[in-house]
Every structure is written in C-alpha cells, then in structure tokens.
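Architecture and fold: a report
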Amino acid sequence: MKTMTCRDLGGPCDLEHHGETADDVINAQDRHLKEAEKAGDATHQEARDAMKNRWRHPKQSLGWYRGTQAAFAALPDR
Ligand SMILES: [Zn+2]
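Just so you know, these numbers come straight off a predicted model, no measurement behind them.

On to the environment of A22, then. Checked against the element boundaries, A22 lands in helix 1 (residues 22-38). The residues contacting A22, other than those within four sequence positions of it, are T68, Q69 and F72.

Take a look at the structure:
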C-alpha cells in the first residue's frame with residue numbers, strides 16, 4: 001500500500017490517497033476532485049478541469065500519467 005496526496009496529483013490540499021497501484025490513487029483523486037467540485041470548492045477547480053481534460057485527451061496526457069506512475073513506483077511501500 002502506498003500513499004500519494006492530492007498535492008502530489010496536481011491538487012491544492014494534503015488529503016492522502018492510499019492504493020496498491022497508481023491507478024488506485026489516480027481514481028481516488030478523481031473522486032476527490034469530483035466531490036470538491038460538487039461541494040463548490042473553488043480551490044480544486046483548476047485540478048478538476050485538468051483531470052477532466054486528461055480523460056478527454058488521453059494521448060496528450062500520457063506524459064502526466066507516466067510521470068505519476070513513476071512517482072508512485074518510487075514511493076516506499078508501507
Ligand atoms: Zn484536495
């Protein structure tokens with residue numbers, strides 16, 4: 001199990017996401033950003049829009065995705 005924060009994933013806060021794979025934490029961040037948007041949290045809007053854009057343009061987003069996977073792989077397993 002590894003931990004990445006909202007900030008690690010391009011967001012503005014220090015909420016921790018836990019997962020076995022990079023996809024787990026990316027999906028957790030996606031849920032977190034959706035909830036923040038629903039709650040009217042403007043501080044997360046930029047990260048939310050960036051994440052939406054990534055789903056829409058997966059090819060252009062490969063760099064971000066690979067970078068996140070590499071960062072996740074480099075984390076200590078706890
Ligand atoms: Zn956050």
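Attention now moves to the nonpolar core. Residues M4, C6, L9, A22, V25, I26 and F72 constitute the largest nonpolar core, which totals 7 residues. Among the elements that make up this core, the one with the highest residue count is helix 1 (3 residues). Apart from residues lying up to four places away in sequence, C6 is in contact with G11, P12, C13, D14, L15, Q29 and H32.

Moving on to the packing of helix 1 against helix 3 (residues 62-74). At a minimum axis separation of 9 Å, helix 1 and helix 3 run at an interaxial angle of 115°. Judged by the sense of rotation from one axis to the other, the crossing of helix 1 with helix 3 is right-handed. Judged by residue contacts, A22, V25 and I26 of helix 1 engage T68, Q69 and F72 from helix 3. Residues of the contact of helix 1 with helix 3, tallied by class, amount to 4 nonpolar, 2 polar and no charged.

Analysis parameters
- Residues numbered from 1 in each chain as written.
- Predicted model: local features only at pLDDT ≥ 70, side-chain atom pairs only at ≥ 80, totals over all residues.
- Helix = DSSP H or I, 4+ residues; strand = E, 2+ residues; numbered from the N terminus.
- Contact = placed C-beta atoms within 7 Å.
- Core = buried A, V, L, I, M, F, W, Y, C linked by C-beta atoms within 7 Å.
- Buried ≥ 20, exposed ≤ 12 C-beta atoms within 10 Å, placed from the backbone.
- Axes fitted to C-alpha atoms, helices over the stretch in contact; angles between N-to-C directions.
- Left-handed = near helix turned anticlockwise from the far one by under 90°.
- Nonpolar A, V, L, I, M, F, W, Y, C, P; charged D, E, K, R; others polar.

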